[in-house]
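The lines below spell out each chain.
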Amino acid sequence: MLSADILRAALPAARPTDIARFATPLTEACAEWSIDTPLRLAAFLAQIAHESGQLRALVENLNYSAEALLLVFPRHFDASQATAYARQPERIGSKVYANRMGNGYETSGDGWRYRGRGLIQVTGKANYAACGTALGLDLIAQPELLEQPAPAARSAGWFWHSNRLNGPADARDIETITRRINGGLTGLDDRKAHYARACAALEVSHELA
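Read on for an overview of the structure. (Residues numbered from 1 in each chain as written. Predicted model: local features only at pLDDT ≥ 70, side-chain atom pairs only at ≥ 80, totals over all residues. Heavy atoms only, no water.)

**Quick notes on the packing of aromatic side chains**
The full count for this structure, using the stated rule, is 4 aromatic pairs. Judged by centre distance (5.3 Å) and plane angle (85°), the rings of Phe44 and Trp160 are edge-to-face. With Phe44 in helix H3 (residues 38-51) and Trp160 in helix H9 (residues 149-162), this residue pair connects regions lying 116 residues apart in the sequence. Residues Tyr64 and Phe73 carry aromatic rings whose centres are separated by 5.6 Å and whose planes lie at 90° to one another, so their mutual orientation is edge-to-face. Its guanidinium or amino end placed over the ring of Phe77, Lys95 lies 5.5 Å from that ring's centre, counting from NZ or CZ. Seen from the ring of Trp112, Arg115 lies directly overhead, with NZ or CZ sitting 3.5 Å from the centre. (Phe/Tyr/Trp six-rings, centres within 6.5 Å; stacked < 30°, edge-to-face > 60°. Helix = DSSP H or I, 4+ residues; strand = E, 2+ residues; numbered from the N terminus. Lys NZ or Arg CZ within 6 Å of the ring centre and 35° of its normal.)

**Some thoughts on helix H8 (residues 125-135)**
Within H8, the full set of buried residues consists of Tyr128, Cys131, Gly132 and Leu135. Down the axis of H8, the buried side of the element spans an arc of 100°, and every buried residue falls inside it. Gly136, located one to two residues past H8, shows a positive phi value of around 70°. (Buried < 20%, exposed > 50% of the residue type's maximum accessible area, 1.4 Å probe, protein only. Arc of directions from axis to C-beta.)

**Let's talk about the layout of surface pockets**
Taken as a whole, the largest pocket encloses approximately 930 Å³ of empty space. For the lining of the largest pocket, the secondary-structure elements that each account for two or more residues are H3 and helix H11 (174-182). Broken down by element, the residue count for the lining of the largest pocket peaks at 3 residues, all from H11. (1 Å grid on protein atoms, 1.4 Å probe; cavity = no way out; pocket = protein on both sides within 12 Å on 5 of 7 lines; lining within 4 Å. Points joined across faces, edges and corners; volume = space filled by probe spheres on them.)

**A look at the environment of Leu70**
Note on placement: Leu70 falls in helix H4 (residues 66-72). Between the C-alpha atoms of Leu70 and Gln81, which are 11 residues apart in sequence, the distance is 9.4 Å. Once you skip the residues sitting within four places of it in the chain, Leu70 turns out to touch Phe77, Asp78, Ala79 and Ala82. (Contact = heavy atoms within 4.5 Å.)

**Considerations on the packing of H11 against helix H12 (residues 188-201)**
Closest axis-to-axis distance for the H11/H12 pair is 11 Å, and the angle between their directions is 125°. Taken together, the axes of H11 and H12 lie oblique to each other. Our pair here, H11 against H12, has a crossing hand that is right-handed. Across the interface between the two elements, Ile174, Glu175, Thr178, Ile181 and Asn182 of H11 pack against Leu188, Arg191, Lys192 and Tyr195 of H12. By residue class, the composition of the contact of H11 with H12 is 4 nonpolar, 2 polar and 3 charged. (Axes fitted to C-alpha atoms, helices over the stretch in contact; angles between N-to-C directions. Parallel < 35°, antiparallel > 145°, perpendicular 65-115°, else oblique. Left-handed = near helix turned anticlockwise from the far one by under 90°. Nonpolar A, V, L, I, M, F, W, Y, C, P; charged D, E, K, R; others polar.)

Written as structure tokens, this is what we have:
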């Protein structure tokens with residue numbers, strides 16, 4: 001069902017080299033995790049398009065300015081802290097992801113080590129452990145494996161399956177899918193635009209009957 005031509009149509013800003021290296025891994029991941037209807041595939045492609053910048057980014061960029069830190073992570077920084085941490089991605093990741101998702105204290109470096117990776121940004125030591133168990137990979141020792149095409153695609157499929165996203169995909173419920181991936185509705189308009197494009201590529205309506 002998925003082909004390089006469909007991937008190009010659904011993700012028009014993706015680089016040709018990325019289309020070539022992801023077409024087969026994504027096809028295999030969709031087969032592995034039962035993303036096996038046009039509606040499921042369209043919703044999946046829409047979300048990975050947004051999360052990865054159309055296959056360009058496989059690891060979370062935490063190189064924030066002080067102003068951006070206050071906007072993106074207002075619970076973690078006041079003005080003086082934002083200035084102290086600005087443009088220091090490793091320190092930022094270690095702080096904002098500390099003491100949650102299985103990560104240790106800020107000084108452990110877990111937040112940076114297990115920052116978002118893959119096509120749907122697996123984040124946190126506990127999630128890396130669970131994903132690694134499912135994929136048969138030691139992602140605790142080698143988290144950077146999720147920056148490779150096949151594990152990046154499989155981890156996205158695993159996340160999709162683990163969060164039971166085929167159901168809302170069948171119902172064309174992009175908001176529910178977005179909430180389960182993002183924790184909110186960040187980037188919803190972009191995700192919906194990608195969804196409409198993917199549905200067109202797969203010749204299925206993106207609108208509820």
